Structure formats: C-alpha cells, structure tokens
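One-letter residues, chain by chain:
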Amino acid sequence: MRTPEKGLGRLHWADGRWAVDGQPPDVPGLRPLRGLEIEWPAAAVPLDGLLSLAAAGIPLTAERAEPWVPAGLAELLTDRDWLRHAADGTARSLADLRREEHSVRLRRLAHPVAIHPKISIVMSSKRSSLIGAALAQMERQREVEAEVLLGLHGVGFEQVREAVESCSLPVKWVEAEASMPFGEVLNRTAALASGDHLAKWDDDDWYGPRHLADLFMAMSYTGADVVGTTAEFFYLEPLKATIRRTTFASGARYPSEVWSDHVAGGTIMVSRSKFKETGGFPAVPRAVDLEFLKAALKAGARIYRTHGLGYVLRRGLSADHTWQLPLAHFLKVAANQWRGFRPSLLMEAA
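Residues numbered from 1 in each chain as written. Predicted model: local features only at pLDDT ≥ 70, side-chain atom pairs only at ≥ 80, totals over all residues. Heavy atoms only, no water.

- Looking at an unreviewed UniProt entry, one finds the chain named Family 2 glycosyl transferase and attributed to Nonomuraea deserti.

Shown next, in the form of structure tokens:
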C-alpha cells in the first residue's frame, strides 16, 4: 500500500518468535501500517522472521539497535529520515516516496544475490548524441556482470566510436538501415548476446545503479519469466518538471510488486532461453514492447512488475517518442509533481 492508513505498529520478541502486538505477523494485515517499530530483546535471537517481513516490503524501523544486531541491518533500521516527512496530501509530499525507498533498501538486504548474473543489455538508437550518456549509465550498474549490445539504427559506427571505445564494458554492435523496423533491429542486436539474461534499455531514459540488480532480484524471489518495473516517474522536459504516476488515467491503481501483463518497455528483463522460446521481438516499427509482452503471455510466460523507483522516463513532445501521448496526459495522472529533475533517491542522481 503506497499511502498507509495507520501509524506504526510494534514488532517484538515474545514466546520464542517475532510478534506484532502479541500476534504472529500477518503480512496482508500489515500493509495499511506506516511500518513496524522494533523492540529488541537484550539477548540475541533469530532474525529470520524479521527479515521475512523486510523481504515482503514491510517498512521496519528502530530507535536503536542492540550490539548483537548485524551492522548493516542496524544502520538501515536506525536511519529514520524517512519518518520525518509529513504526509500532508499535497502533490509535493515526499512521505510515501521516502517510505517506499526505505522498503526497497530493506528488501535488498533481505534478498542477497549469491552470484552476479551475466546480463546482456540490448539498446537500439537512432540518436548518436544520446549513446554516450546511455553507456555511462550502464557502466554504473552494480552487482551484475554486464555486456552492451548496441543496435545502430541509421547511425554509423564512426559517429559513436569515441563513446563506445571509452566504455569500460564490453560492447558489440550492429549497424542497420534507418528503414529497418525497430523490432528487427532489436532482434539482430539481441542475437549477439552471451549473457544468461537480456535487459532492454532505452537511450533517452535514466536508470539507477541498482536497476539491473533489482530486476534480477525480483526474478529470483518470484520465479518470473519476464520482469520489468512500473512506468512511474516521468521527467517532462519541455515543462522542466518531474511527475510520479501511481494510477491510470481511469483512476485505477498502478501497483508494483504484482503479477501483471504489462511492465515499462524500457525495463524488460527476460532469460535468453525464454526470449528464444517467445520468438524474440516482433519485427514491427512501433509498439515492440507491447507486442513482445503479448507474445510472451501467449507462450505461457509469467510477467512480474517490480518497483519503479530506479527508473525515470524522459518525455518531450509526443512526436519525439514511439509512445505518443501528449504532456497533458502525464499531468492528468500525476500523483506527485515537482519542479526540475526530482527522481527517487534510489537513482543516486547527482
């Protein structure tokens, strides 16, 4: 629940187990709470029950931590900055966002990944001026082993040579005529993959340094075949404003951490084997992401939508994008609106 209806509950150790107000924790019943305040026993006890709540996304906090609590967990739980924001109901309120950021950090701690997955990042671009910045964001990715597969769509390699050769990641590329359908360019690019998973990347959007790791984490704890994020944060370039969308234009909720038939197209992650089973990207000029997700569902794939706090979509005039919606649409669906570029703190943006 993005906007909690109640205050903090109490998590304590009683009768050999973690309890909430004396009862075994019931995750669905805890969703309306702002979080749980931990009361530590003086002696060390198992943390499994506490970490299972963190893994489920329940915000946990503590004024202090006993010496026996692991340092990383203690540091995160006693960082209470997220509680200092007022939930005043205005479009500029940061209370819900800071609470969700804290929840994601806890989930990362509760779901450590034993090995760094090998991810093949697939990006097609017609805009040589954007490729350097996109590669720099890929270089920031942590806790994954990444390679870059670059589809130069009507762009010659000489136009991007400097950016490619200065990239610290291994880069492979395909040159394609501008007339080739976008989906076909993506397919030819994806054919170069050597990673266990493919991750689609858009050249004009922003990605946080844990973007790929968070997608893989969600794939690991759900067993999903395809994972992506919510399309939640948008930077409206002509207006110099950032908006956050948590509902559709119809008013229906747009939740994260759910099974779904839709994820943000620039965040699709899929195993290479499932990608081949699905038939790859449809060789169409537009709506490639939507058609791929339809094909994946038809092939029996399970799709999971995780949080969108590490991703910001750039939106200019509608004619500049394959997803053509006027800027007024994004203002209409905005739950929050801020001046300037104001992403989630999980983006770790300068």
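Here the narrative resumes, following the displayed structure.
## Topic: the packing of aromatic side chains
So, point 1. For the structure shown, the criterion picks out 16 aromatic pairs.
So, point 2. Residues tryptophan 201 and tyrosine 207 carry aromatic rings whose centres are separated by 3.8 Å and whose planes lie at 25° to one another, so their mutual orientation is stacked. For the pair formed by tryptophan 201 and tyrosine 207, the shared burial category is buried.
So, point 3. Geometrically, the ring pair formed by phenylalanine 275 and phenylalanine 292 is tilted, given 6.0 Å between the ring centres and 35° between the ring planes. Of this pair, phenylalanine 275 sits in helix 9 (residues 272-278) while phenylalanine 292 sits in helix 10 (residues 288-298); the two residues are 17 residues apart in sequence, bridging distant segments of the chain. The same class applies to phenylalanine 275 and to phenylalanine 292, which are both buried.
So, point 4. Three or more aromatic residues joined by ring pairs make a cluster, and in this case those are Trp13, Trp18, Trp40 and Trp68. (Phe/Tyr/Trp six-rings, centres within 6.5 Å; stacked < 30°, edge-to-face > 60°. Buried < 20%, exposed > 50% of the residue type's maximum accessible area, 1.4 Å probe, protein only. Helix = DSSP H or I, 4+ residues; strand = E, 2+ residues; numbered from the N terminus.)

## Description of the pattern of salt bridges
So, point 1. Under the defined criterion, the tally for this structure stands at 26 salt bridges.
So, point 2. For glutamate 165, the salt bridge goes to arginine 161, with nearest N and O atoms at 2.8 Å. Note that glutamate 165 and arginine 161 are positioned in helix 6 (residues 157-165) at a spacing of 4 residues, about one turn of the helix.
So, point 3. Among the residues examined, arginine 161 registers a relative accessible area of 30% and is labelled partly exposed. (Salt bridge = Lys/Arg side-chain N within 4 Å of Asp/Glu carboxyl O.)

## Some details on the environment of aspartate 196
So, point 1. Structurally, the position occupied by aspartate 196 is in the loop between helix 7 (182-190) and strand 8 (197-200).
So, point 2. Ignoring anything within four residues of it in the chain, the contact list for aspartate 196 reads Lys118, Ser271 and Arg272. (Contact = heavy atoms within 4.5 Å.)

## Side note on the domain arrangement of the chain
So, point 1. For the chain, the assigned domains read domain 1 (6-110) and domain 2 (118-347).
So, point 2. Facing the 14 residues of domain 1 at the interface are 19 residues of domain 2.
So, point 3. Taking both partners together, domain 1 and domain 2 bury about 1400 Å²; carbon and sulfur atoms supply 54% of that area.
So, point 4. Counting the surface domain 1 buries against domain 2, the share from its top three residues, Leu97, Arg107 and Arg108, is 40%.
So, point 5. Of the charged contacts in the structure, one is a salt bridge between arginine 107 and glutamate 257, with a shortest N-O distance of 3.3 Å. (Domains from an automatic or database assignment. Buried area = accessible area lost by both parts, 1.4 Å probe.)

## Description of the packing of helix 5 (residues 128-139) against helix 6
So, point 1. Running from N to C, helix 5 and helix 6 cross one another at 10°; their axes reach a closest spacing of 9 Å. The orientation of helix 5 with respect to helix 6, classified from their angle, is roughly parallel. Mapping the contact onto sequence places Ser128, Ile131, Gly132 and Leu135 in helix 5 and Gln159, Val160, Ala163 and Val164 in helix 6.
So, point 2. Tallied by class, the residues present in the contact of helix 5 with helix 6 amount to 5 nonpolar, 3 polar and no charged. (Axes fitted to C-alpha atoms, helices over the stretch in contact; angles between N-to-C directions. Parallel < 35°, antiparallel > 145°, perpendicular 65-115°, else oblique. Nonpolar A, V, L, I, M, F, W, Y, C, P; charged D, E, K, R; others polar.)

## Here's the deal with the sheet that holds strand 3 (residues 35-39)
So, point 1. Pairing is mixed across the open sheet formed by 4 strands, whose spatial order is 2-1-3-4. The sheet is open, and its two borders are formed by strand 2 (17-20) and strand 4 (60-61), each paired with just one other strand.
So, point 2. Examined bridge by bridge, strand 3 and strand 4 share 2 bridges and lie parallel to one another. Bridging across to strand 4, glutamate 37 finds its partner in threonine 61. (Pairing = 2+ DSSP bridges.)

## Details of unusual backbone geometry
Residues apart from glycine generally show negative phi values, whereas peptide bonds are mostly found in trans.
So, point 1. The residue lysine 240 is not glycine, and still its phi comes out positive at about 50°.
So, point 2. When you line up the elements, lysine 240 lands in the loop between strand 11 (233-236) and strand 12 (241-245).
So, point 3. With a phi angle near 55°, alanine 287 is a residue other than glycine that sits in the positive phi range.
So, point 4. For alanine 287, the location among the structural elements is in the loop between helix 9 and helix 10.

## Section: the environment of glycine 183
So, point 1. Along the polypeptide, glycine 183 turns up in helix 7.
So, point 2. What makes glycine 183 buried here is its relative accessible area of 0%.
So, point 3. Residues glycine 183 and proline 282, spaced 99 residues apart in sequence, show a C-alpha to C-alpha distance of 5.4 Å.
So, point 4. Residues contacting glycine 183, with those up to four places away along its chain left out, are Phe281, Pro282, Ala283, Val284 and Val288.

## Here's the deal with the nonpolar core
So, point 1. Grouped together as the largest cluster of nonpolar side chains are 42 residues, with contacts concentrated most on Met138, Trp201, Leu212 and Met269.
So, point 2. Where this core is concerned, the elements lending two or more residues are strand 5 (118-125), helix 5, strand 6 (145-153), helix 6, helix 8 (211-222), strand 11, strand 16 (311-315) and helix 11 (327-332).
So, point 3. Among the elements that make up this core, the one with the highest residue count is helix 8 (6 residues).
So, point 4. Formed by 22 residues, the second largest nonpolar core is a distinct cluster that contains Trp18, Leu33, Trp40 and Leu73. (Core = buried A, V, L, I, M, F, W, Y, C linked by side-chain atoms within 4.5 Å.)

## Details of the sheet that holds strand 15 (residues 303-306)
So, point 1. The mixed open sheet is built from 8 strands, whose spatial order is 7-6-5-8-14-10-15-13. At either margin of the open sheet sits one strand with a lone partner, and together these are strand 7 (171-176) and strand 13 (258-259).
So, point 2. Pairing between strand 5 and strand 8: 4 bridges, direction parallel. Across the sheet, valine 122 pairs through a bridge with lysine 200, a residue of strand 8.

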